[in-house]
Amino acid sequence: MHYFQYRDNELYAEDVPVREIAAKVGTPVYVYSQTTLERHFKAFTEAFSGAPHTICYSVKANSNQAVLKTFIKMGGGVDIVSGGELSRALKAGVDPKKVVYSGVGKRDDEIEYALNTGILMFNVESEQEIDRLNEVAGRVGKKAGIAIRVNPDVDPQTHPYITTGLKKAKFGITMEHAVAEYKRASEMPNLEILGIDCHIGSQLTKVEPFVDSIKKLKELITELRGMGIELKYLDLGGGLGIQYDAEAPPLPADYGKAIKEETKDLGLHLIFEPGRNIAGNAGILVAKTLFTKERDEKHFIVIDAAMNDLARPSLYGSFHGVQPVVKDQDGLIGADIVGPICETGDFLVKDRQIPMFKQNDLMAFMSAGAYGFTMSSNYNSRPRAAEVMVNGDKFEVIRERESVEDLVRGESLPSWLA
Ligand code: LLP
């Protein structure tokens with residue numbers, strides 16, 4: 001459930017007509033509904049009521065300060081994968097003791113930064129990272145809390161690019177090596193073993209793969225206990241899917257029920273790293289039709305947003321619903337919606353029956369709150385879109401549209417060309 005609904009044929013973000021936002025801020029623009037963000041965060045955390053847990057929102061999904069602050073105010077922590085994400089989350093006021101740091105390639109300076117910040121734990125993803133973490137922690141005189149990210153070799157049945165828990169994926173340490181690595185880590189002076197972690201993929205639409213991976217982790221936890229290695233945290237990553245089109249992902253409550261059942265006797269504090277489930281349907285991308293083009297074979301709607309603004313359709317062939325901001329189109333048409341970028345792969349909608357958008361019509365790409373703005377780029381020297389947050393009948397810009405000056409910031413000519 002989200003708060004982008006029609007009133008008299010006009011699309012509203014909560015109590016604000018989307019048309020007004022576009023008129024004031026221009027297009028393309030990302031619009032987030034704060035009430036939806038809050039509602040989704042609440043549904044997720046309530047799904048685990050009765051079980052000690054922390055929601056460490058996955059910053060990569062949508063890293064705007066206003067979005068982070070919304071969850072932090074509700075008691076959320078964060079899952080980060082870079083020093084940049086840590087700095088954003090700290091700026092937004094996160095409690096360092098609610099920060100978990102995942103990722104296969106952490107640099108020394110990033111590790112030092114996180115240690116000095118006093119984050120809860122590092123989700124370590126390789127044998128070498130364990131050694132490096134111990135070394136760097138020794139150098140800065142801190143103890144690094146760790147969980148080993150285990151790769152349980154479970155198929156999440158999602159897009160191959162966002163499948164992470166299979167043996168052939170670059171992520172985590174295999175089940176076979178995990179015990180030996182826990183043993184090695186337990187003997188290192190500057191590491192403190194705190195937990196176990198797994199994240200098997202994103203946009204999962206079933207609970208079974210989650211349950212299957214917990215079953216595998218439980219075997220490991222028992223084995224570790226037998227060796228005298230006690231854990232405090234079980235980090236189950238993110239991955240719960242959302243409805244973009246006709247998918248029917250489990251509700252957070254159903255996901256929570258299945259996970260609580262499977263983990264109830266473990267006595268571990270659960271950590272979750274949801275991104276998409278909370279932010280995905282809380283945001284839309286609003287764009288404007290520049291031109292329409294009729295070809296014998298095809299109808300094209302050329303808009304002012306492109307693959308640099310919303311990469312998911314080009315990159316994964318992902319579906320995003322498209323809806324008119326004002327419903328006054330003359331029926332439907334089979335068409336592609338394309339951007340101005342010089343690539344045939346620059347489309348947001350491909351071969352779909354959509355409203356017959358006219359020149360200057362505004363449209364909203366739905367479910368764009370996660371992996372939308374964060375994956376945007378400046379390709380074709382396109383300034384990145386503005387971001388707006390709505391709450392009730394108020395809206396404010398939470399990231400201004402980039403300017404052409406922003407595009408060349410940091411560039412300089414070598415002395416021989418100047
Ligand atoms: N934790 C870890 C370690 C992750 O790698 C991810 C996502 C998450 C949590 C959050 O997953 P979520 O709850 O959002 O599924 N760009 C792709 C998605 C990439 C996901 C990467 N990792 C897309 O647009 O579909």
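What you see as residue numbers is a count from 1 along each chain, following the sequence as written. Since the coordinates come from a predicted model, pLDDT governs what is reported: local features require at least 70, and pairs of side-chain atoms require 80 or more to be given and counted, while whole-chain, interface and lining totals use all residues. Note that the side-chain values use all heavy atoms of the structure and ignore hydrogens as well as water.

### Re helix α8 (residues 208-226)
With 19 residues, α8 extends 27 Å between its outermost C-alpha atoms, agreeing within 8% with the 27 Å of an ideal straight helix rising 1.5 Å per residue. The cut-offs for exposure are 20% and 50% of the maximum accessible area for each residue type, with area from a 1.4 Å probe on protein chains only; residues under the lower value are buried, those over the upper are exposed, and the others partly exposed. The secondary structure listing takes helices from DSSP runs of H or I that are at least 4 residues long and strands from runs of E that are at least 2 residues long, numbered from the N terminus. Considered for burial, the residues of α8 that qualify are Pro209, Phe210, Val211, Ser213, Ile214, Leu217, Leu220, Ile221 and Leu224. Whether two residues are in contact is decided by their heavy atoms, any of which lying within 4.5 Å being enough. Looking at the buried side of α8, the elements it contacts are β9 (144-151), α7 (175-186), β11 (191-197), β12 (233-235) and α9 (252-263). Once α8 ends, the next one or two residues include glycine 228, with phi positive near 85 degrees. Given a helix with a known number of residues, its expected span is that number minus one, times 1.5 Å.

### Points about the state of the cysteines
Any two cysteine sulfur atoms within 2.5 Å of one another count as a disulfide. Per the counting criterion, the structure on display carries zero disulfides. Between cysteine 56, a free cysteine, and cysteine 198, which holds the nearest cysteine sulfur, the sulfur-to-sulfur gap is 15 Å. According to the relative accessible area criterion, cysteine 56 is buried, its value standing at 1%.

### Observations regarding the environment of glutamate 176
With respect to the helices and strands, the residue glutamate 176 is situated in helix α7. Assessed through its relative accessible area of 53%, glutamate 176 is described here as exposed.

### Points about unusual backbone geometry
Glycine aside, residues mostly have negative phi, and peptide bonds are mostly found in the trans state. Residue proline 28 is reached from threonine 27 by a cis peptide bond, and omega for that bond is -5 degrees. On the secondary structure map, proline 28 appears in the loop between α1 (18-25) and β4 (29-33). Unlike most non-glycine residues, aspartate 153 shows phi in positive territory, near 55 degrees. Looking at the element boundaries, aspartate 153 is found in the loop between β9 and β10 (173-174). Since its relative accessible area comes to 32%, aspartate 153 is described here as partly exposed. We note that tyrosine 371 has phi near 55 degrees; this positive angle belongs to a residue other than glycine. Inspection of the secondary structure assignment puts tyrosine 371 in the loop between β19 (362-365) and β20 (386-391).

### Side note on the site of the ligand
We define proximity as follows: a residue is near a molecule or strand when any one of its heavy atoms falls within 4 Å of that partner. Residues in close proximity to the ligand total 19 residues, the closest being Ser202, Glu273, Arg312, Tyr316 and Tyr371. Any pair of nitrogen or oxygen atoms within 3.5 Å is treated as a polar contact; in protein, a donor-acceptor pairing is required on top of that, and neighbouring residues in sequence qualify only through side-chain atoms on both sides. Serine 202 is positioned such that a nitrogen or oxygen atom in its side chain is 2.4 Å from an oxygen atom of the ligand. Side-chain polar atom of glutamate 273 to a nitrogen atom of the ligand: 2.6 Å apart, as the coordinates give it. The method behind every accessible area is Shrake-Rupley, applied with a 1.4 Å probe, and residues are considered shielded solely by the protein chains displayed. Burial of the ligand by the surrounding chains reaches 92%, relative to a free accessible area of 590 Å². Residues of the shell around the ligand, tallied by class, amount to five nonpolar, eight polar and six charged. Domain start and stop positions are those given by an automatic or database domain assignment. There are two domains that each give the shell around the ligand at least three residues, and those are domain 1 (4-31 + 280-408) and domain 2 (34-276). Residue polarity follows a fixed list, in which Ala, Val, Leu, Ile, Met, Phe, Trp, Tyr, Cys and Pro are nonpolar, Asp, Glu, Lys and Arg are charged, and the others, Gly among them, are polar.

### What about the side chain of glutamate 10?
In this fold, glutamate 10 is placed in strand β2 (residues 10-13). A polar contact of 2.7 Å, which involves the side chain of glutamate 10, links it to the side chain of arginine 19. Apart from residues no more than four positions distant in its own chain, glutamate 10 is found in contact with Gln5, Pro17, Arg19, Val325 and Val326.

### Side note on the sheet that holds strand β1 (residues 4-7)
If DSSP finds at least two bridges between two strands, the strands pair. If you trace the three strands from one edge of the open sheet to the other, you get β1-β2-β3, paired in antiparallel fashion. Looking at strand neighbours, the two that pair on one side only are β1 and β3 (16-17), the edges of this open sheet. In this structure, β2 lies alongside β3, joined through two bridges in antiparallel fashion. Along β3, the bridge assignment pairs alanine 13 with valine 16.

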